[in-house]
Amino acid sequence: MGKTNFEKKFGNQTKSEETWIPVTETERMAIQGVIDRIDYLETEDTVLFRVIDYKTGHSEVNLDQVYYGLQLQLFLYLSAAKEILASDENFRGKRLIPAGVYYYNMNDPVLENDFSEDDSEVGKKLFKELRMKGITNYEEQVPEHTDHNLTRNEKSESDVIGFDYTAKGEVGRYSKTI
């Protein structure tokens, strides 16, 4: 993606409008926090953006937990990121498109190696372990904007996010998309 914002504050700690989340038709809840990272790519009429949260342990987005309200952090951050970008004068009049929500696990992966692989194969395994885990918006060619190694009409796998295409150009079975 194009540009990045780190440690972006939202809510009343920014001394601006609070970020509000609807609870019922008549009630809202104010939230505040710090988004570890917002990546965005600006085109002529759109802004694609994704939210990334750094974790020291192993974390993955679980849609069942999201559905039951047990894992809402990334989606609250996504809503706040949209408000932050919408308030930016540079993006006025542009369509804001969520590209995805991801955890980046800040771990030091240990790879099994039988020493028959060359360094490039070991590097590929390492990149695969370090990929961000989350949910990707499948529309608007978002995956291709996220990783230029992805090609929709051929078998390809991202080095950046947990996403791949089959040889028929379909989303791979281990890719999480919305």
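Residues numbered from 1 in each chain as written. Predicted model: local features only at pLDDT ≥ 70, side-chain atom pairs only at ≥ 80, totals over all residues. Heavy atoms only, no water.

One pass over the full model with this rule turns up seven salt bridges. In this structure, the salt-bridge partner of Glu-42 is Lys-94, at a minimum N-O distance of 2.6 Å. Of the two residues, Glu-42 is situated in strand β4 (residues 33-42) and Lys-94 in the loop between α2 (73-86) and β6 (95-105); the sequence distance between them amounts to 52 residues. Here Glu-42 falls in the partly exposed class, since its relative accessible area comes to 37%. Ionic contacts of the salt-bridge type, sharing partners, join the residues Arg-37, Asp-39 and Arg-50 into one network. (Salt bridge = Lys/Arg side-chain N within 4 Å of Asp/Glu carboxyl O. Helix = DSSP H or I, 4+ residues; strand = E, 2+ residues; numbered from the N terminus. Buried < 20%, exposed > 50% of the residue type's maximum accessible area, 1.4 Å probe, protein only.)

The next thing to look at is the sheet that holds strand β1 (residues 3-10). Here five strands make up an open sheet; going across it, the order is β1-β4-β5-β6-β7 and the pairing mixed. Edge positions in the sheet fall to β1 and β7 (133-136), since each of these pairs with one other strand and no more. Strand-to-strand twist across the sheet, computed as the mean angle between neighbouring axes with direction ignored, equals 25 degrees. Most of the contacts of α2 go to strand β5 (residues 46-55), to which it runs at about 140 degrees, and overall it touches β1, β4, β5, β6 and β7. (Pairing = 2+ DSSP bridges. Axes fitted to C-alpha atoms, helices over the stretch in contact; angles between N-to-C directions. Contact = heavy atoms within 4.5 Å.)

As a general feature of sheets, a regular strand has side chains that alternate between the two faces. Burial of β4 is extensive: seven of the ten residues sit out of reach of the surface. The pairing of β1 with β4 spans seven bridges and is classified as antiparallel. Along β4, the bridge assignment pairs Lys-9 with Val-34. Two elements, β4 and β5, share six bridges in a ladder whose sense is antiparallel.

Our focus in this paragraph is the environment of Asp-88. Its location among the elements puts Asp-88 in the loop between α2 and β6. Once the C-alpha coordinates of Asp-88 and Pro-22 are considered, the two residues, 66 residues apart in sequence, prove to be 22 Å apart.

Turning to the packing of aromatic side chains, a few remarks are in order. Summed over all chains, the structure comprises five aromatic pairs. Ring centres of Phe-10 and Tyr-77 lie 5.8 Å apart, and the angle between their planes is 75 degrees; this geometry places the pair in the edge-to-face category. Taken as a pair, Phe-10 in strand β1 and Tyr-77 in helix α2 lie far apart in primary sequence, 67 residues in all. Ring centres 4.9 Å apart and planes at 90 degrees place the aromatic pair Tyr-67 and Tyr-68 in the edge-to-face group. Here Tyr-68 falls in the exposed class, since its relative accessible area comes to 61%. Against the face of Tyr-138 rests Arg-152, its NZ or CZ located 4.5 Å from the ring centre. (Phe/Tyr/Trp six-rings, centres within 6.5 Å; stacked < 30°, edge-to-face > 60°. Lys NZ or Arg CZ within 6 Å of the ring centre and 35° of its normal.)

This next bit is on the nonpolar core. Judged by nonpolar contacts, the single largest core of 23 residues is most densely connected at Phe-10, Ile-35, Phe-49, Val-51 and Leu-85. Mapped onto this core, the elements with two or more residues apiece are β4, β5, α2 and β6. It is α2 that provides the largest number of residues to this core, a total of seven residues. In this structure Phe-10 touches Thr-19, Ile-31, Gln-32, Gly-33, Val-34, Ile-35, Tyr-77, Ala-80 and Ile-84, once residues within four positions along its chain are discounted. (Core = buried A, V, L, I, M, F, W, Y, C linked by side-chain atoms within 4.5 Å.)

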